[in-house]
Amino acid sequence: MAALLGSAGVAWGLPALAEDSGEPTQAQPVLPKESLTIVSATGSHVFSVELAKTPRQQQVGEMFRTQVPADGGMLFPWGVPQQSDMWMENTLVPLDIVFIGPDRRVQAIVENAVPQSLAHISSHGPALATLELAGGVTAKLGIVVGDKVESATLAPPVPVTQPRTEQPTTKTP
């Protein structure tokens with residue numbers, strides 16, 4: 001299935017690169033991490049999330065892992081808001097799948113996605129990113145739709161401003 005790639009799988013229409021072809025058969029190494037905070041009515045909840053940035057990292061995602069730490073997870077930044085469809089093929093533990101909207105707020109949550117399921121889990125609209133957390137974490141922490149998500153990866157680009165240069169003045173005698 002060239003159009004379907006899986007993590008708690010990712011569905012998209014990008015062609016696979018030669019070195020990225022083939023079905024995943026084992027967990028990927030731990031990816032680079034960053035801090036991500038979800039600000040909810042119950043407080044600020046800080047997670048150390050792996051960043052799945054490349055197509056292959058996104059395809060493999062949490063597959064074959066036997067645990068996700070309660071304060072960990074994986075962030076799938078899409079770069080630009082787009083439809084996000086996930087699945088749980090080869091994912092051995094339940095996950096909470098959090099879709100993050102273009103406004104950097106939680107737009108949808110699917111709690112305790114069923115391990116190994118091929119059912120598509122949809123953002124039902126453009127998502128800036130998808131966040132996978134350990135199953136049950138969002139309910140336990142009181143994370144709900146509308147909560148704010150803070151992350152360096154999801155921060156809006158800072159506009160580049162040109163330094164102001166003073167015009168040379170000339171004096172006439």
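Residues numbered from 1 in each chain as written. Predicted model: local features only at pLDDT ≥ 70, side-chain atom pairs only at ≥ 80, totals over all residues. Heavy atoms only, no water.

As a further point, take the overall build of the protein chain. In terms of regular secondary structure, the protein chain is built from two helices and eight strands. Each helix (α) and strand (β) of the protein chain, taken in turn from the N terminus, gives the series β-β-β-α-β-β-β-β-α-β. For the protein chain, the residues scored as buried account for 45% of the 173 residues in total. Sequence-distant contacts in the protein chain: of pairs separated by 6 or more residues, those separated by 24 or more amount to 74%. Taken as a whole, the protein chain presents about 9,400 Å² of accessible surface, with 58% of it coming from carbon and sulfur. (Helix = DSSP H or I, 4+ residues; strand = E, 2+ residues; numbered from the N terminus. Buried < 20%, exposed > 50% of the residue type's maximum accessible area, 1.4 Å probe, protein only. Contact = heavy atoms within 4.5 Å. Areas by Shrake-Rupley, 256 points an atom, 1.4 Å probe, with all protein chains shown as cover.)

What follows concerns unusual backbone geometry. For residues besides glycine, phi is generally negative; the peptide bonds are generally trans as well. Phi at Asn90 is positive, roughly 60°, even though this residue is not glycine. Phi at His124 is positive, roughly 50°, even though this residue is not glycine.

Our next topic: the packing of aromatic side chains. Throughout the structure, instances matching the rule amount to one aromatic pair. Here the aromatic rings of Phe76 and Trp78 are separated by 6.0 Å at their centres, their planes lie at 35°, and the arrangement is tilted. As far as the burial class goes, Phe76 and Trp78 line up, both buried. (Phe/Tyr/Trp six-rings, centres within 6.5 Å; stacked < 30°, edge-to-face > 60°.)

Counting 34 residues, the largest nonpolar core has Leu36, Ile38, Phe47, Leu75, Ile97, Ile100 and Leu131 as its most contacted members. Among the elements of the structure, strand E2 (33-40), strand E3 (43-51), strand E4 (72-86), strand E5 (95-100), strand E6 (106-113) and strand E7 (121-134) are those that each provide at least two residues to this core. Non-local contacts of Leu36, meaning those with residues more than four positions away in its chain, are made with His45, Val46, Phe47, Val49, Leu75, Leu131, Val149, Glu150 and Ser151. (Core = buried A, V, L, I, M, F, W, Y, C linked by side-chain atoms within 4.5 Å.)

What follows concerns the confidence of the model for the protein chain. Per-residue confidence for the protein chain averages 87 on the pLDDT scale, and 81% of its residues sit at or above 70. Across residues 1-7, where pLDDT falls below 50, the model places 34 contacts with residues more than four positions away in sequence or in other chains. Low pLDDT (under 50) marks residues 10-19, which in the prediction has 21 contacts with non-local residues, meaning those over four places away or in another chain. (pLDDT = per-residue confidence, 0-100.)

Our focus in this paragraph is the pairing of E5. The buried fraction of E5 is high, at six of six residues. Every second residue of E5 is oriented toward a common face, with Leu95, Ile97 and Phe99 on one face and Asp96, Val98 and Ile100 on the other, all of them buried. Between the antiparallel neighbours E5 and E6 lie five residues, among them Arg104 with a positive phi of about 65°. Of the strand pairs in this sheet, E5 and E7 are connected by six bridges, and their pairing is antiparallel. Bridging from a neighbouring strand, Leu95 pairs with Ala134 of E7. (Pairing = 2+ DSSP bridges.)

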